[in-house]
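An overview of the molecular structure
So you can see what is in the structure, the chains are spelled out below.
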Amino acid sequence: MTISDYIWSLVGFLLTIMVLSYLVGDNFFFRLAVHLFIGLTAGYVAVLLVRQILLPQLVIPLVNGSSPQRFWLVLPLALVLLLLVGQIPKFSAAAIIPLAYLAGLAAAIVIGGAVFGTLLPQSRSILDAFDPGRWYALPEQTWLRILDAVVMLFGTVGVLSYFHFGRKIKRESQNDAGKRPLILEGLGKVGQVFIGVTLGAVFAGIFSTALIALIDRLVFIGEMLTRIFGGL
Amino acid sequence: MPFLICPDCGAENPLTAEICQVCGASLADVIPMDMDNSEADDGENDEFTLFSAEDKDLPELLNDLKQDHEPAGGGLPEIDLAGEGESSEVDDTPEWLDVIRKRAHEELDAAGEMTQRIVAAQESLTRQNEEERADYASWIEELRKETREEAVSGTEGQEEEPLEGPAPEKAKKDWLSRVRKASGKLETHDEPNAASRNLLDWLVALEEEQTGGMPSGEAGVTQPVDLRQRAHADESTREVRVGDGAQQAVAPKRLDLSREEREQADLLATTIADESTARPVQPITFGRRRWWVEFILAFFLIGGICFVLFSGRLFLLPEPPVTSGGQAVLNSVADLPEDAELLLVFDYQPAFAGELEWVAAPVLEALPDSVKVSVISTSASGPLLADSMLERLEIIPAIDLGYLPAEAFGAYGLAAGLASTQAAEFLPKGASELFEGEFHGILILSDNAERARVWVEQLSVLTPETPLNLLVTAQAGPMLRPYVDSGQVTGMMAGISDAAGLETSRTQGPNASQRWQAYQVGLLTLIGVLILGVLLNLRGGATQGDDI
């Protein structure tokens, strides 16, 4: 390990201790570490954008690129200039064009991906679960696959029913004004169970991830202390 | 004799009075007036001696006026300023009262003592009313007389001018001049053609203002005229419109409100009043922190983990199994052809570097040496994390595509580039590299299910033939599992539980086993803390403000 590595490891060690000092309450060292992280992150991102986005993909091609490359940079350059001009309050309307372009493009990409990458494949997956060919592919797991398909079907329909925000068309009494049809109410209860299980799994995953982060930091502290006091 | 005129109700008060004897208004700033002098100065106010001489204030006169006419019609008397109507000097004493009175006079013991007392009281009241009516009648008569005179003079000077023009205006001005003098600098102007009825209307308005009965809020009329406030607020001459307000007061509009509307109006008024209510600034408190509880829990958690990590002993905890997802990832990597190109997508934050390095290590270490690795980052710290991980694993990337600020655009651009068969030489270097890439496999390292899903959605649609594997944290795993089951993703390793089996089976070293056991100890401790918290809450109940 070089001197530079040692110094930066020591800085990391001190910052880790400062963050962990929050265990005894909010204090000056914890706030110092947090402010340091925020400032460093902002500066790092600014430099990163200039070095890896603006310079290689805009400035250098404009200077050294071929004519077709320069031509294709006119549109992003114009959008960038409009965005900059829009920061002046008098010309704030100019920023609408690049922002609208970004929003529209992002919506098109995300919606297209959600429909063709999630909705249709997941629907097909549910249908495939009821394929008898899959049920009997492994005779010892036939009932297990059938049960899996039924649970998947109930879970999907239940969750969709839970998020159905409708109401009865034919109301029998005044109390039915805000109620959903009875079958959707029942399926919605089933969907609540599946939502609860899913959120529980996510919660356990967050616990697990946080615990692993703590273990990683403790290992780092242990190694650093070994380096510091190992030579004594 | 000098006296004080109340600026609010116009009542005369003795010089020694500090507040009005009628309405209770303060007379501190009122200038004493000598009626004789003022009248001598003006020389035109003889008709208004009726009020001061009889010590008759306006509200009382108005009340008497109302009482006298209530049996007849219940409204204010119609004043025939043209002099064509009859006066109201009609004795409307009931007939039965006259009979009783006559018998009482003739026969002293005819009605008994009590009846005599009642009759005497009624007679006294009747006489008093008659006197007051006489006062009022004389005042009306004087007004009428003055109106005739003015009408005659007006006809002589200007025949086209209506009769009820200047005469009552003059009288009103004279009377109001005393109020103006008493209250200071205020001077009122009435409209030139205002009817003399406005004077009575103004009196009604003044009386209701005095008694607080002006239904301005309900009827939506103008606010009561506060003479003193307006005089103090504006030193210059201002116009006080009393006619409109008085007319509204005589015939107030009724605002019909349902109970629900009234409740809503009350709620709105309460809310508005509550908004402007001054409240003391209370510092934000997060409840009483039981720091000793936190300290004990942290001690057990950190102490237990450190003991397992650094003691060098292995405990009899179950070894992690090799999951099907992890095995699928390994098989996908092992099946890569010779000189294949593999794309690594770094999409996680530094806080999760430890977990993802642990997850990715067995996979990346299993890569054949002939595989060319390309790197792209969609998180700001991705380039640094990529350098750190690849340097530790001694992997040298062939191509570094750099940082893409928006993962949706980057994923779409990459997928479109992989799907396109045409060269994109016209694009800048970074974008063209993105479009010209041809990868035999893609590994996505992510800590966020949403961002990883964007990659899966774009790549699985545009390049379904390219094997796609996920190396994610435990918190992102559950939300990405359906994509594995549907076949859109070849394999997935989520968290340490999936990676530990491969790690221990591959390295067989004490380091991996001790980390896995530390993880299990920490997990058991956290489960114990959760159960303990539930039991404590069940026993003592959750109390607001306690922050364990």
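The structure contained in this document is the topic of the report that follows. Just so we're clear, the structure is a prediction, and the values are computed from it rather than from any experiment.

Description of the overall build of chain A
A count of helical and extended segments in chain A gives eight helices and zero strands. Considering chain A as a whole, with its 232 residues, one finds that 25% of them fall into the buried category. Within chain A, counting contacts between residues at least 6 apart in sequence, those at least 24 apart form 34% of the total. As displayed, chain A offers around 15800 Å² of accessible surface, 74% of which is attributable to carbon and sulfur atoms.

Observations regarding the overall build of chain B
Across its full length, chain B carries 21 helices and 11 strands. Across the 548 residues in chain B, those meeting the buried criterion constitute 43%. A fraction of 71% describes how many contacts in chain B between residues 6 or more apart in sequence connect residues 24 or more apart. Carbon and sulfur atoms make up 53% of the accessible area of chain B, which amounts to about 30500 Å² in all.

Details of the packing of aromatic side chains
Residues and elements named next belong to chain A. Applying the stated criterion across every chain yields a total of nine aromatic pairs over all chains. With 4.6 Å between their ring centres and 40° between their planes, Y22 and F30 make a pair best called tilted. Positioned above the aromatic ring of F220 is the side chain of R217, whose terminal nitrogen or guanidinium carbon lies 4.7 Å from the ring centre.

Notes on the pattern of salt bridges
Scanning the model with the defined rule gives eight salt bridges over all chains in all. With a closest N to O distance of 3.4 Å, A:D216 and A:R217 form a salt bridge. A salt bridge links B:E357 to B:R392; the nearest nitrogen and oxygen atoms lie 2.7 Å apart. Here B:E357, found in helix α14 (residues 353–365), pairs with B:R392, found in helix α15 (residues 382–392); they are 35 residues apart in sequence, far enough to count as distant. In this structure B:R392 comes out as exposed when scored by relative accessible area, which is 60%.

Focus: α14(B)
Residues spaced three or four apart along an α-helix point in a common direction, a consequence of the helix completing one turn every 3.6 residues. Residues and elements named next belong to chain B. For α14, spanning 13 residues, the distance from its first C-alpha to its last is 17 Å, which sits close to the expected 18 Å at 1.5 Å a residue. The axis of α14 is deflected most strongly, by about 30°, at V359, and proline P362 appears within four residues downstream. Burial of α14 is extensive: 12 of the 13 residues sit out of reach of the surface. Within α14, burial applies to A353, G354, E355, L356, E357, W358, V359, A360, A361, P362, V363 and L364.

Rules and cut-offs
Residues numbered from 1 in each chain as written. Chains lettered and ligands numbered in written order. Predicted model: local features only at pLDDT ≥ 70, side-chain atom pairs only at ≥ 80, totals over all residues. Heavy atoms only, no water. Helix = DSSP H or I, 4+ residues; strand = E, 2+ residues; numbered from the N terminus. Buried < 20%, exposed > 50% of the residue type's maximum accessible area, 1.4 Å probe, protein only. Contact = heavy atoms within 4.5 Å. Areas by Shrake-Rupley, 256 points an atom, 1.4 Å probe, with all protein chains shown as cover. Phe/Tyr/Trp six-rings, centres within 6.5 Å; stacked < 30°, edge-to-face > 60°. Lys NZ or Arg CZ within 6 Å of the ring centre and 35° of its normal. Salt bridge = Lys/Arg side-chain N within 4 Å of Asp/Glu carboxyl O. Expected span 1.5 Å × (residues − 1). Bend = angle between axes of the 7 residues up to and from the residue.

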